[in-house]
Amino acid sequence: MKIHTNDNNTSTLKLLIAANLAGKKLELQKSTFEGPKCLPLLEVDEELTFFSSNAAVQYLFPILDLSQNGQCQQMQEWEATRLQPAVANVLSGKTVPSDVKQVLQSLVLVLNDLLKKHKYIIGEKLSAADISIWSTLYPLIYNEESKLYLSECSYILQWAEDLNKAKAFQEAVKQWGGNPKGPFSNISALGTPQITNLSTPSGSPDDSVAISVSQEEADLAQENWLNGLKNLQAPIKQEKLVLPVKDRKNVLITSALPYVNNIPHLGNIIGCVLSADIFARYCRLCDYNTLYISGTDEYGTATETKALEEGVTPRQICDKYYEIHNSVYRWFNIGFDYFGRTSTPEQTQIVQKLFLKVLDNGFMSTQSVEQLFCEKCERFLADRFVEGTCPHPGCAYDGARGDQCDKCGKLINAVELIEPKCKVCAHRPTVRPSEQLFIELGQLEPSIRSWISSVEGNWSGPARAVSRAWLREGLRARAVTRDLKWGVPVPLDKYKHKVFYVWFDAPVGYTSITQCATKQYEKWWKPDKDYDVKLYQFMAKDNVPFHAIMFPASVIGANEGHKLVDYIFATEYLNYEEGKFSKSRGVGVFGTDAQETGIPSDVWRFYLASIRPETSDSSFNWTELCTRNNSELLNNLGNFCHRSLSFCANTFKGKIPEMSFTNTDYMLFALVNREVVAYVQNMEKGRLREALRHVMSVSRLGNQHMQSEQPWVLLKGSPEEKIRGSTAIAVCCQLVALLCTLIAPYMPDTSRKLKAQLNLPDTSFRINPSNPALFQYIPEGHVIGKPEPLFAKIEQELVDTMRAKYAGTQADRAKQNGAVKTGASANVADLEQAIAAQGEKVRQLKASTKDKTVWQPEVNKLLELKKQLTAAQSQPVTDIASLEKAVAEQGEKVRKLKASTKDKTVWQPEVNILLELKKQMATAQSSVATPANVASLEKAIAEQGDKVRKLKASTKDKSVWQQEVNLLLDLKKQLAAAQAK
């Protein structure tokens, strides 16, 4: 094997170390290459050559524990796309801007935190990740001038020293023969990609000297500048009901339906709804006729289980969490055309119709399945309604569920549980046969294979990998019915007490939600051949089987011309710090948490898009969030936009000056156009993170142009220099308008602010996907609005507070909050008064300035006061007299609110507080079994019963009186308990 390399190339060091550890001999060969082949490259034989140094390291030193392979690749990608570019900037020999230093310092702190917990990068064993990262950091570690960047990283220094003692590393350094002081050769474009890091700063004009532009590119840039605006097609008319139109590209976008029994965390948000929203906003910029729908997945065992835990009905659980999801997505600016739900009459109708068609076509069968049956509850138990001792050898965990053991992580067949018991009544169930309907996937497999092979080229890597894995194992019959109550009922008399499995019913939700949105769902889902409709679906990889195999099999079996998915853009998983996000265990930052941080939703959207796990798992990190905001948004993008518009406002009274271009300007335009073309190409392929990098590259080019031209100097010079200076300002303003367009899918609020500052209508900001290029967005003589800063700095103190606050699980946090509430003495009336005063202060500040840095601290104080009020209001009171007083006061408050407005969203929260107070009072009254308490409960039951009767007589709307019924039942339980004492 040979390594083709050049002098002082740190990626070559990677290969030498890996080969030494593997006991393989390598021949070093000094080489140079013209064109895209950069060094080093590993030539294994005539047929196998590695151009990626990280891939070569994996080949030479493969990881043996396959469970850690993904994590190793993730860290190598992090090294290649983030760490290496930052180190290269620092070692370039030029003045290092402060924001680059900040980026590198944040990256090494992340690494230091990892090594604080483990001996090596991904655990207790050496991996390819250690080799790659150690080699990249080598010039920093062993050069005293650069070592200052690691001054606070004792764990990195100890790890590096330990590795340096190893013979394989020492020999590799000798073979390499490089100098840690440099100068360093260019590194493989594929091994450690020479892509502009999101945080690459502006620099001197010499930074781009290696980038060449042909005269043909410059001429084309000139043509696009002059005629690009004319070549845009007429904007599509935005209709209230979005239906396909002829002679247009019609884009139907769905995001995986989030399950409705919990709050979505950041991984859920970027995995489906946010990614789909970014893409939908891009499609609208391109004037595609776009419909983006989603909704909550509401049927199934998990909903029944959650309802059981909270002591309410499944419908109440769905109503509660639907509103939570809807609120979270609104805060994140998710621009659904319609956000629906699956527990609708439309869903029942379409699911039953689809099932009957598949049945008629002969693709359904019946099988008898052994299930656990609770004789006390008189029902078959779904997997999550039974628990017992894990049957797997060596585990014996006594809290295993009927589907999976949380301790050993292995799947379980419920009938194999040791000492099973019903979660509802704790009774031991028996095994009984139950006849279920199955869809014969095996019979449909040839059609599924043929279809997938024709379209999977449009899918993301994770989507292809998962679907191929399923097909490799072969498809078998799968149950479509189960013994539950909460779900779409099976429309056959023999199975009338069964419902459809949620996997069968949920994907149909896309069609029923489209029906609710448009009343003509078949125009999208069974389109006429004269209409060009493309279906794009966004999800995390665990949802791929249902969208790539199960649902397509159902509609192929129905054979009614149903639209099949064209593009599946699935992601890998987003991890949290050094662990994993988990809805079931409450680990990570959830949608409601993000709202409480005071960090704007646009910053969250930007950061999540920048770490979107497109090709491998990625991790959320608080320090990196802070750094990305301060370096990439504040110092790069925000600084360029504000600086450019402020120059125009201050020097030309806001009027865009005349432009007199030279060939140098058109060469700049050509470089910008490369980025715009790459942006469109990546967007069209669902590579949203990659597209975002090219947006930031446009900002970098703008910063470089500003620094290179120095208009503040030119405007003081000769007439020719003044023309050049005014042209430079105008060019920068045009680039701001382009950036306003490109960032709109990612940061809609920021884009709206820039539009206002540019004083241009929405129709000015568009993209031509067939010829993406910079054109004249702003006419000469146009007067812009008032420039305002776009972003605010995030202080490290806030990051440290947030990391501590969201450590552990939601349950842990709830306990801590409970402890705080118990000792709290905050008076509700005082807090309400303080909130009113603080709210007025915030309103006055917002009216006086648009500078968010001025009023955001006061907003944070207001949010904290509101949290304290919520805590004080929910603090349990055990004094009966106090509770009776609180109930009376809250009842009066509710009556006044109901009299003032019919808007339920205004007074329903106060009604909920009233009901909770009544429950607390009833509990307190029943805690002591005296005749007086019994009499009091009997009186309360009589009054509550009368109230329920009146409500039922006044309306059939169950949502109005169901809560009062629940309260009546609760009072009756307390009376029975009191009488039994």
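Going by the structure above, here's the rest.
Residues numbered from 1 in each chain as written. Predicted model: local features only at pLDDT ≥ 70, side-chain atom pairs only at ≥ 80, totals over all residues. Heavy atoms only, no water.

Chemist: Explain the overall build of the protein here, please?
Modeler: From N to C terminus, the protein includes 34 helices and 21 strands. With 981 residues in all, the protein has 53% of them scored as buried. (Helix = DSSP H or I, 4+ residues; strand = E, 2+ residues; numbered from the N terminus. Buried < 20%, exposed > 50% of the residue type's maximum accessible area, 1.4 Å probe, protein only.)

Chemist: Looking at this structure, I do not really get the pattern of salt bridges. What am I missing?
Modeler: It is possible for side chains bearing opposite charge to pair when their charged atoms get close. Scanning the entire structure with this criterion turns up 40 salt bridges. For the salt bridge of arginine 284 with aspartate 337, the shortest nitrogen-to-oxygen distance reads 2.9 Å. In this pair, arginine 284 sits in helix H9 (residues 266-285) while aspartate 337 sits in the loop between helix H11 (314-331) and strand E7 (338-341), placing the two residues 53 residues apart along the sequence. What makes arginine 284 partly exposed here is its relative accessible area of 25%. According to the relative accessible area criterion, aspartate 337 is partly exposed, its value standing at 33%. Residue glutamate 690 is joined to arginine 689 by a salt bridge in which the shortest nitrogen-to-oxygen separation is 3.7 Å. (Salt bridge = Lys/Arg side-chain N within 4 Å of Asp/Glu carboxyl O.)

Chemist: Is there a simple way to explain the environment of phenylalanine 504 in this structure?
Modeler: Topologically, phenylalanine 504 is positioned in helix H15 (residues 502-505). Taking C-alpha positions, phenylalanine 504 is 9.8 Å from arginine 478, a pair spaced 26 residues apart along the chain. In contact with phenylalanine 504, other than residues within four places in its own chain, are Val351, Leu354, Phe355, Met364, Val480 and Ser554. (Contact = heavy atoms within 4.5 Å.)

Chemist: In this structure, what is going on with empty space enclosed by the protein? I would like to understand it.
Modeler: Gaps between atoms show up when a probe of the same size as a water molecule is rolled over them. Scanning the entire structure with this criterion turns up six cavities of 30 Å³ or more. The computed volume of the largest cavity comes to approximately 130 Å³. Together, 13 residues line the largest cavity, and Ile350, Leu354, Lys526, Glu560 and His562 are the ones closest to its centre. Of all the secondary structure elements, the ones that give two or more residues to the lining of the largest cavity are helix H12 (345-360) and helix H18 (544-558). Its residues assigned to classes, the lining of the largest cavity shows seven nonpolar, three polar and three charged. (1 Å grid on protein atoms, 1.4 Å probe; cavity = no way out; pocket = protein on both sides within 12 Å on 5 of 7 lines; lining within 4 Å. Points joined across faces, edges and corners; volume = space filled by probe spheres on them. Nonpolar A, V, L, I, M, F, W, Y, C, P; charged D, E, K, R; others polar.)

Chemist: It is not clear to me how the packing of aromatic side chains should be interpreted in this structure. Could you clarify?
Modeler: Describing an aromatic ring pair means giving the distance of the ring centres and the angle of the ring planes. Counting across every chain of the model gives 39 aromatic pairs. Judged by centre distance (4.9 Å) and plane angle (85°), the ring pair of tryptophan 134 and phenylalanine 169 falls under edge-to-face. With tryptophan 134 in helix H5 (residues 128-141) and phenylalanine 169 in helix H7 (residues 167-176), the pair connects residues that are 35 residues apart, well separated along the chain. The same class applies to tryptophan 134 as to phenylalanine 169, namely buried. Aromatic pair tyrosine 292 and phenylalanine 336: ring centres 5.0 Å apart, planes at 45°, arrangement tilted. With tyrosine 292 in strand E6 (residues 289-296) and phenylalanine 336 in the loop between H11 and E7, this residue pair connects regions lying 44 residues apart in the sequence. Residue tyrosine 292 is classed as buried on the basis of its relative accessible area of 0%. Looking at arginine 341, its charged tip hangs above the ring of tyrosine 322, at a distance of 4.6 Å from the centre. In this structure, arginine 432 packs its charged tip against the face of phenylalanine 373, placed 3.9 Å from the ring centre. (Phe/Tyr/Trp six-rings, centres within 6.5 Å; stacked < 30°, edge-to-face > 60°. Lys NZ or Arg CZ within 6 Å of the ring centre and 35° of its normal.)

Chemist: Honestly, unusual backbone geometry in this entry has me stumped. Any pointers?
Modeler: Both trends apply: most residues other than glycine have a negative phi, and most peptide bonds are in trans. The phi torsion at aspartate 247 lies on the positive side, around 60°, for a residue other than glycine. By secondary structure assignment, the location of aspartate 247 is in the loop between helix H8 (215-227) and strand E5 (249-255). Accessibility expressed as a relative area gives 78% for aspartate 247, which makes it exposed. At lysine 519, a residue that is not glycine, the phi angle is positive and equals roughly 65°. Position of lysine 519 among the secondary structure elements: in the loop between helix H16 (509-518) and helix H17 (522-525).

Chemist: Which parts of the structure should I look at to understand the environment of histidine 427?
Modeler: For histidine 427, the position within the fold is in the loop between strand E12 (418-422) and strand E13 (430-439). Spatially, the C-alpha atoms of histidine 427 and glutamate 375 are 8.1 Å apart, while their sequence positions differ by 52 residues. Contacts of histidine 427, omitting those with residues within four sequence positions, involve Cys374, Glu375, Lys376, Lys421 and Cys422.

Chemist: How should the sheet that holds strand E9 (residues 379-380) be read in this particular structure?
Modeler: Either a parallel or an antiparallel arrangement is found when strands of a sheet pair, and the pairing is made through backbone hydrogen bonds. Overall, antiparallel pairing links the four strands, which are arranged E9-E8-E13-E14 in an open sheet. The open sheet has two free edges, formed respectively by E9 and strand E14 (478-479), since each of these has just one partner strand. Pairing of E13 with E14, which is carried by two bridges, proceeds in the antiparallel orientation. Bridge pairing in E14 links isoleucine 439 to arginine 478. (Pairing = 2+ DSSP bridges.)

Chemist: Hey, could you run me through the packing of helix H21 (residues 622-652) against helix H25 (residues 719-743) in this one?
Modeler: The angle between the axes and the distance between the axes are what describe a pair of packed helices. It is the contact of H21 with H25, at a shortest axis distance of 9 Å, that shows an interaxial angle of 135°. As judged from the angle between their axes, H21 and H25 are oblique. Note that H21 runs across H25; the crossing there is left-handed. On H25, the residues that touch Leu637, Phe640, Cys641, Ser644, Leu645, Phe647, Cys648 and Phe652 of H21 are Ser726, Ile729, Cys732, Cys733, Leu735, Val736, Leu739 and Ile743. For the contact of H21 with H25, the residue count by class is 14 nonpolar, two polar and no charged. (Axes fitted to C-alpha atoms, helices over the stretch in contact; angles between N-to-C directions. Parallel < 35°, antiparallel > 145°, perpendicular 65-115°, else oblique. Left-handed = near helix turned anticlockwise from the far one by under 90°.)

Chemist: In this structure, what is going on with H25? I would like to understand it.
Modeler: Every α-helix winds through 3.6 residues per turn, so residues three or four apart in the chain are directed the same way. Taking 1.5 Å of rise per residue, the 25 residues of H25 would be expected to cover 36 Å, and the 36 Å separating its terminal C-alpha atoms lies within 8% of that figure. In terms of residue burial, H25 counts as a mostly covered element, since 20 of its 25 residues are buried. (Expected span 1.5 Å × (residues − 1).)

Chemist: What is the right way to read the state of the cysteines from this model?
Modeler: In a disulfide, the sulfur atoms of two cysteines are covalently bonded to one another. In the structure shown here, the tally under the stated rule is zero disulfides. Left unpaired, cysteine 425 is separated from the closest cysteine sulfur, that of cysteine 374, by 3.5 Å. Unpaired in this structure, cysteine 740 has its nearest cysteine sulfur neighbour in cysteine 641, at a distance of 8.2 Å. (Disulfide = S-S within 2.5 Å.)

Chemist: Looking at this structure, how should I read the side chain of asparagine 630?
Modeler: Topologically, asparagine 630 is positioned in helix H21. Judged by its relative accessible area of 2%, asparagine 630 is buried. Within the local environment of asparagine 630, its side chain forms a polar contact with the side chain of asparagine 629, the two groups lying 3.0 Å apart. At 2.9 Å, the side chain of asparagine 630 forms a polar contact with the backbone nitrogen of isoleucine 794. In this structure asparagine 630 touches Gln102, Asn635, Ala792, Lys793 and Ile794, once residues within four positions along its chain are discounted. (Polar contact = N/O pair within 3.5 Å; in protein donor to acceptor, adjacent residues only side chain to side chain.)

Chemist: Looking at this structure, I do not really get the environment of alanine 730. What am I missing?
Modeler: As for its position among the elements, alanine 730 is in helix H25. When its relative accessible area of 0% is taken as the criterion, alanine 730 is described as buried. C-alpha separation for the pair alanine 730 and leucine 645, spaced 85 residues apart in sequence, amounts to 9.2 Å. Beyond its immediate chain neighbours, meaning those up to four positions away, alanine 730 contacts Ile656, Pro657 and Met659.

Chemist: Just to check I follow, could you spell out the side chain of threonine 342 for this structure?
Modeler: Here threonine 342 is to be found in the loop between E7 and H12. The class for threonine 342 is buried, based on a relative accessible area of 0%. Among the polar contacts listed, one links the side chain of threonine 342 to the backbone nitrogen of glutamate 298, at a separation of 2.9 Å. Leave out the neighbours within four places in its chain, and threonine 342 touches Leu257, Thr296, Asp297, Glu298, Tyr299, Gln347, Ala506 and Gly509.

Chemist: Looking at this model, I keep getting lost on the packing of H9 against helix H20 (residues 601-610). Mind explaining?
Modeler: Closest axis-to-axis distance for the H9/H20 pair is 10 Å, and the angle between their directions is 100°. Relative to H20, the element H9 is oriented roughly perpendicular. Two secondary-structure elements touch here, H9 through Leu266, Ile270, Leu274, Asp277, Ile278 and Arg281 and H20 through Trp604, Arg605, Leu608 and Ala609. Partitioned by chemical class, the residues of the contact of H9 with H20 number seven nonpolar, no polar and three charged.

Chemist: When you look at the sheet that holds strand E4 (residues 49-50) in this model, what are you seeing that I'm missing?
Modeler: Strands sit in the order E2-E1-E3-E4 across an open sheet of four strands; the sheet is mixed. Strands with a single pairing partner mark the edges of an open sheet, and in this sheet they are strand E2 (27-30) and E4. Alignment of strand E1 (residues 2-5) against strand E3 (residues 41-43), held across three bridges, turns out to be antiparallel. When the sheet's bridge partners are listed, lysine 2 is paired in E3 with glutamate 43. Most of the contacts of helix H1 (residues 10-22) go to E1, to which it runs at about 170°, and overall it touches E1, E2 and E3.

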